[in-house]
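The lines below spell out each chain.
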Amino acid sequence: MMSTNGTRSYSLRIWRQNDNSSPGALVEYRVSDINPQMSFLEMLDHLNDTLERKHEVPIAFESDCREGICGTCGLMIDGRPHGPAAGLTTCGLRMRQFADGATITIEPFRANAFPVLRDLVVDRQAFDRIIQAGGYISVNCGQAPEANSMLIGKDVAEAAMDSAACIGCGACVASCPNASASLFVGAKIRQLALLPQGQAERSRRALRMVEAMDREGFGDCSNHGECEAACPKGISIESIAVMRREYMRTLLARG
Amino acid sequence: MNASSFRPWSSIGKKLFNGLTGIFLMLFIIAHLAGNLTLLVGADAFNGYAEWLHRLGAIVPVMEVGLLALVLAHVVSAVAVYSDRRAARTIRYAVVASKGGASKQTVFSRSMILTGAVLLVFLVLHIWQFRFGPSIAEGYSTVLHGEPVRDLYRLVVETFQNPLWLVFYLAVTVLLGFHLRHGFWSAFQSLGVLTPRTRALAYSAGGVFAIVMVIGFLTLPLWLFFAAEPQSARGIVMVVP
């Protein structure tokens, strides 16, 4: 199977779907001349290039920064969000992770709250609506305040950053057996609960965000913890525990 | 707390109910196992324990109704979580795999609804078999401290000396262990009381708790099958209808 120039070939099973109202199916493709140092997305670019040369419709998939910070490129690769490697987004995944000749199954992130727009592209606006419900802080317009006027300890800043690292890719939802968005929602709630800037809306944030999450039709968290393993930023389910505490705190505060 | 703010059926409320009732049910099975260990001592110890429970008076029906309510709340909240799960992803993945690492997804966590369903069916059978089983009127009577009491020991020994019942109870006990392996730590996580340090502790403790409960509940029927004296030795003649 190994070619003389060290490139690899793969069998791909890729989900093709015209739009949300039509049914989809896995379609098989062959790719060859893949350099093991290519990223997974470059491999798909290469496949699309060959499809276009044959006047076939290229496979729709999302990508933007291709450096692991924008959160658009999530794909379900062999049943795992962002593929087999830990702490990586799909764009950071290299083809050297896949043995020459392997069959790779590529599906969109699946949840009814993430409707498929086309092929591997899903609509994740449900996340935006959850953030709009409470994942924000109020600041006055004008000049930035003097940096030393609001002191935040290094440990607090680091803990908040652990949750703020979320790029909203949706891997937590995709990997969750229940399609729950709890890690995404919990990460924002924990980040803002730790910081002084988040205190103004704290008494209602968790309630509103959880209500929004439920409205979008995500499942409930059964503590499988798969989201933490799937998260390219390694966000801990500690965020989910904090979300639950903050939710109860909100209820009690309302009296 | 006003009605508009309290939503017990939110995604968090469901798990709160499920976790809290689960913790009380775990306390119950600890007490149940501890009490049933009197089976290892002998007929008088076990019958005496059963009789002592019945003489607690008004607490008994309150406890029975309370336990029933706990089970129902646990089941209803679990079914609600399960139905949300079914509704949240109607097109399933062709391939699913765990990413390992920090994941706590196991055969135990994935089978909670199944092991729970088996335990529910078992519970109905178990209560029908012993709570509503043959009593003094049906001849299951013995004398303890000069007073006639129900000979529950005889019923238990007769049941577990039947290999079919023995195998059934052993199998259900293993499934209880499956349920507890994920249920123990998950209950505390659902209540939001765990911190990074106590989460690791609770996860390990869940494994130990499941194993201890399985060993405890396996010991009783096995002991009764292999080691308990036959009922004829106590001067009881088994009446086969």
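Structure: see above.
Below or above, wherever it landed, is the structure these notes cover. (Residues numbered from 1 in each chain as written. Chains lettered and ligands numbered in written order. Predicted model: local features only at pLDDT ≥ 70, side-chain atom pairs only at ≥ 80, totals over all residues. Heavy atoms only, no water.)

Some points on the sheet that holds strand E3 (residues 76-77) of chain A
Residue and element names in this part refer to chain A. Read across the sheet, five strands follow the order E2-E1-E5-E3-E4 without closing on themselves; strand pairing throughout is mixed. Each edge of the open sheet carries a strand with a single partner, namely strand E2 (25-34) and strand E4 (80-81). Here two bridges tie E3 to strand E5 (residues 103-107), and the two strands are oriented antiparallel to one another. When the sheet's bridge partners are listed, Met76 is paired in E5 with Glu107. (Pairing = 2+ DSSP bridges. Helix = DSSP H or I, 4+ residues; strand = E, 2+ residues; numbered from the N terminus.)

Re the side chain of Gln129 of chain B
Structurally, the position occupied by Gln129 of chain B is in helix H5 (residues 112-131). Setting aside anything within four residues of it in sequence, one finds Gln129 of chain B in contact with Pro134, Leu155, Thr159, Trp165 and Tyr169 of chain B. (Contact = heavy atoms within 4.5 Å.)

Topic: the pattern of salt bridges
With the rule as written, the count across this model stands at 18 salt bridges over all chains. A salt bridge links Asp220 of chain A to Lys14 of chain B, with the shortest nitrogen-to-oxygen separation between them at 3.6 Å. With Asp220 of chain A in the loop between helix H6 (202-215) and helix H7 (226-230) and Lys14 of chain B in helix H1 (residues 11-36), the pair connects residues from two separate chains. There is no split in this pair, since Asp220 of chain A and Lys14 of chain B are both buried. A single salt-bridge network, built from bridges that share partners, covers Asp220 of chain A together with Lys14 and Asp84 of chain B. (Salt bridge = Lys/Arg side-chain N within 4 Å of Asp/Glu carboxyl O. Buried < 20%, exposed > 50% of the residue type's maximum accessible area, 1.4 Å probe, protein only.)

A word on the packing of helix H6 (residues 152-160) of chain B against helix H8 (residues 196-226) of chain B
Residue and element names in this part refer to chain B. Relative orientation of the contacting elements H6 and H8 amounts to 85°, with a least axis distance of 8 Å. When the axes of H6 and H8 are compared, the pair comes out roughly perpendicular. Facing Tyr153, Val156, Val157 and Phe160 of H6, the residues of H8 in contact are Pro221, Leu224 and Phe225. Taken together, the residues of the contact of H6 with H8 sort by class into seven nonpolar, no polar and no charged. (Axes fitted to C-alpha atoms, helices over the stretch in contact; angles between N-to-C directions. Parallel < 35°, antiparallel > 145°, perpendicular 65-115°, else oblique. Nonpolar A, V, L, I, M, F, W, Y, C, P; charged D, E, K, R; others polar.)

Points about the nonpolar core
Counting 46 residues, the largest nonpolar core has Val173, Val185 and Phe218 of chain A as its most contacted members. Elements with a contribution of two residues or more to this core: helix H2 (125-134), helix H4 (171-175), helix H5 (182-194), H6 and helix H8 (238-254) of chain A. Ranked by residue count, the leading element in this core is H6 of chain A, at six residues. Composition of this core by domain shows at least three residues from each of domain 1 (8-117) and domain 2 (125-253) of chain A. Setting aside chain neighbours within four positions, we find Val173 of chain A in contact with Ala111, Phe114, Phe127, Ala179, Ser180, Ala181 and Phe218 of chain A together with Arg89 of chain B. Among the nonpolar cores identified, the runner-up in size contains 32 residues, and Ala50, Phe184, Ala187 and Leu220 of chain B belong to it. (Core = buried A, V, L, I, M, F, W, Y, C linked by side-chain atoms within 4.5 Å. Domains from an automatic or database assignment.)

Looking at the pairing of strand E1 (residues 8-16) of chain A
Residues and elements named next belong to chain A. Burial analysis of E1 places eight of its nine residues in the buried class, which makes it a mostly covered element. Here E1 pairs with E2 via eight bridges, running antiparallel. Opposite Ile14, over in E2, you have Val27 as the bridge partner. Looking at chain direction, E1 and E5 are connected through four bridges and run parallel. Across the sheet, the residue bridging to Ile14 is Ile106, located in E5.

Some details on unusual backbone geometry
With the exception of glycine, most residues fall at negative phi, and the peptide bonds are largely trans. Residue and element names in this part refer to chain A. In this model, Asp78 sits at a positive phi of 50°, which is unusual for a non-glycine residue. Positionally, Asp78 belongs in the loop between E3 and E4. Of note, the phi angle at Asp119 is positive, near 45°, even though the residue is not glycine. Position of Asp119 relative to the elements: it lies in the loop between strand E6 (116-118) and strand E7 (121-122).

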